[in-house]
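Breakdown of the fold
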Amino acid sequence: MPGTPPRPASQAVRASFEERLRAVAREHYHDRHPFNIRMHEGQLTPDELRRWIRNRFHYQRHIPVKDALITAKLDTPALRRMWLRRIRDHDGDREGEGGIERWLRLGEAAGIDRALLLDASGVLPGVRLAVDGYVNFCRLRSPLEAVAASLTELSAPDIMRTRIDAFERHYPWIEQDGLTYFRDRQGQGRRDSKEALALVIDGARTAEDQDLAVAALAFKCEVLWALLDAVERGGRPQTGAEQGVQP
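Quantities reported herein were computed from a predicted structural model and do not represent experimental measurements. Along each chain, residues carry numbers from 1 onward, in the same order as the chain's sequence is written. pLDDT decides what is reported in this predicted model: residues at 70 or higher carry local features, side-chain atom pairs at 80 or more are listed and counted, and totals for whole chains, interfaces and linings draw on all residues regardless. Working from all heavy atoms in the structure, the side-chain values ignore hydrogens and water.

Points about helix α4 (residues 63-73)
To keep things clear, this is the line we draw: Per-residue accessibility, obtained with a 1.4 Å probe over protein chains only, is compared with the maximum for each type, and a residue is labelled buried under 20%, exposed over 50%, and partly exposed between these values. Here a strand is any run of E in DSSP of at least two residues, a helix any run of H or I of at least four, and the numbering for each starts at the N terminus. Working definition: the arc comes from the directions between the helix axis and the C-beta atoms, pointing outward to the latter. Residues are treated as being in contact if the distance between any of their heavy atoms lies within 4.5 Å.
Inspection of α4 places Ile-63, Pro-64, Lys-66, Asp-67, Ile-70 and Thr-71 among the buried residues, and these make up the whole buried set. For α4, the angular spread of buried residues about the axis comes to 155°, placing them on one side. Where α4 is buried, its residues touch α3 (46-60), α5 (77-91), α6 (99-109), α8 (125-140) and α9 (143-149).

Points about the packing of α3 against α6
When two helices pack together, their arrangement is captured by the angle between the axes and the distance separating the axes. Convention followed: Working convention: axes come from line fits to C-alpha atoms, limited for helices to the stretch in contact. Angles between N-to-C directions cover 0 to 180 degrees. Comment on the angle field: the value is read as roughly parallel under 35 degrees, roughly antiparallel over 145, roughly perpendicular from 65 to 115, and oblique elsewhere. Residues are grouped as follows: Ala, Val, Leu, Ile, Met, Phe, Trp, Tyr, Cys and Pro are nonpolar; Asp, Glu, Lys and Arg are charged; every other residue, Gly included, is polar.
Interhelical geometry of α3 versus α6 gives an angle of 170° and a closest axis separation of 10 Å. Viewed along their axes, α3 and α6 adopt a mutual orientation that is roughly antiparallel. Along the contact surface, α3 presents Trp-52, Ile-53, Arg-56, Phe-57 and Gln-60, while α6 presents Ile-100, Trp-103, Leu-104, Leu-106 and Gly-107. When grouped by side-chain class, the residues that make up the contact of α3 with α6 number 7 nonpolar, 2 polar and 1 charged.

Regarding the packing of aromatic side chains
The geometry of an aromatic ring pair is captured by the separation of the ring centres together with the interplanar angle, meaning the angle of the planes. For the record, the criterion: Each pair of aromatic rings taken from Phe, Tyr and Trp, with Trp reduced to its six-membered ring, is defined by centres within 6.5 Å and is described as stacked if the planes are under 30 degrees apart, edge-to-face if over 60, and tilted in the remaining cases. Placement of a charge over a ring requires the Lys NZ or Arg CZ to be within 6 Å of the ring centre, with the centre-to-atom vector within 35 degrees of the ring normal.
Here the structure, examined in full by the defined rule, presents 9 aromatic pairs. Ring geometry for Trp-52 against Trp-103: centres 5.4 Å apart, planes inclined by 65°, an arrangement best described as edge-to-face. Separated by 51 residues along the polypeptide, Trp-52 in helix α3 and Trp-103 in helix α6 bring together distant segments of the chain. Its relative accessible area of 2% is what places Trp-52 among the buried residues. Seen from their ring centres, Trp-103 and Tyr-181 are 5.2 Å apart, and the 85° between their planes marks the pair as edge-to-face. Of the two residues, Trp-103 is situated in helix α6 and Tyr-181 in helix α11 (residues 180-203); the sequence distance between them amounts to 78 residues. Note on accessibility: Trp-103 and Tyr-181 belong to one class, buried. Three or more aromatic residues joined by ring pairs make a cluster, and in this case those are Trp-52, Trp-103, Phe-167, Tyr-171, Tyr-181 and Phe-182. Above the face of the Trp-83 ring, Arg-86 is positioned so that its terminal group lies 3.6 Å from the ring centre.

A look at the environment of Glu-101
Residue placement: Glu-101 occurs in helix α6. Classification of Glu-101 as buried rests on a relative accessible area of 11%. Once the C-alpha coordinates of Glu-101 and His-90 are considered, the two residues, 11 residues apart in sequence, prove to be 7.9 Å apart. Each residue touching Glu-101, except ones within four places of it in the same chain, is listed here: Gly-96 and Arg-114.

A closer look at α11
Selection criterion: For a helix, the expected span equals 1.5 Å multiplied by the residue count minus one. Bend is the name given here to the angle between axes fitted to two runs of seven residues, the run ending at a residue and the run starting at it.
In this model α11 runs 34 Å from its N-terminal to its C-terminal C-alpha over 24 residues, within 8% of the 34 Å that 1.5 Å per residue would give. Of all bends in α11, the biggest is about 30°, found at Gln-186.

Brief notes about the side chain of Asn-36
Relative to the elements of secondary structure, Asn-36 occurs in helix α2 (residues 34-40). Aside from chain neighbours lying at most four places away, what touches Asn-36 is His-30, Asp-31, Ile-159, Arg-163 and Leu-228.

Things to note about the confidence of the model for the chain
This is how it is decided: The pLDDT value tells you how sure the predictor is about a given residue, anywhere from 0 up to 100.
Averaged over all residues, the pLDDT of the chain is 91; the fraction at 70 or higher stands at 91%. Low pLDDT, under 50, characterises residues 237-247; the predicted model gives this stretch 5 contacts beyond four residues in sequence or across chains.

What to know about the state of the cysteines
Covalently bonding the sulfur atom of one cysteine to the sulfur atom of another cysteine gives a disulfide. Note the following rule: The disulfide definition used here is simple: a pair of cysteine sulfur atoms within 2.5 Å.
Here the structure, examined in full by the defined rule, presents 0 disulfides. Considering cysteine sulfurs only, Cys-221 is the nearest to Cys-138, which forms no disulfide, with 13 Å between them. Residue classification places Cys-138 among the buried residues on the basis of a relative accessible area of 0%.

Here we look at the nonpolar core
Heads up, the condition is: Within this scheme, the nonpolar core is defined by two criteria: the residues are buried Ala, Val, Leu, Ile, Met, Phe, Trp, Tyr or Cys, and they are joined through side-chain atoms within 4.5 Å.
Ranked by internal contacts, the top residues of the largest apolar core, which has 70 residues, are Leu-49, Trp-52, Ile-53, Phe-167, Ile-174, Phe-182 and Val-200. In terms of residue count, helix α12 (residues 207-233) provides more of this core than any other element does, 11 residues in total. Those residues in contact with Val-200 that sit more than four places away from it in its chain are Phe-17, Leu-21, Leu-144, Val-147, Ala-148, Leu-151 and Ala-213.

Shown next as structure tokens:
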């Protein structure tokens, strides 16, 4: 990445830095959020699950947008080609392919009309704010920080396996074809996280760089957590205290 000093960190420093990143992904990932726990334990109602699918789609459809912003920051053709694959994974090479299409099919399998999913006007304000914050982070921060924020992918394969099992066990009313997105993301997540982790470890050669990378990953975990906070609260009216109304 541009601006890195010529002397790489020692192997011990690199190993310690990697463990710091993995610890953030392990300890702050949204698999620990109460909404996800209830989802995986089979406690969500159909309306709650549909609300999650619909609002999470707002995040999904912006993944290629943030990846386009990151691609523009990378300084070699090889790195840009590598990152462009992520955009193809979600947008597809042609109509009817890609992760966004597979999420639309998940929605349809859960009984949500495709037109409703594509209509962003119904997205919860908190979800919109979280997604906008992440996209703007990738737009405004350094390449190192933008790539580091993507390292929530370190935990993605595990949550995909858990989610597939939970949907098959607890939500059999969702058609099996709708789970293709989760199945495909297991392999993609392992590949993407391996590539991004190598970029971040090679690019963060100073203590300051490493701190920025760890903070970027923590921020992304907070984005995913805030998204679920909004979804969890989206089905009930706020109390006066939550709205800031004095009794």
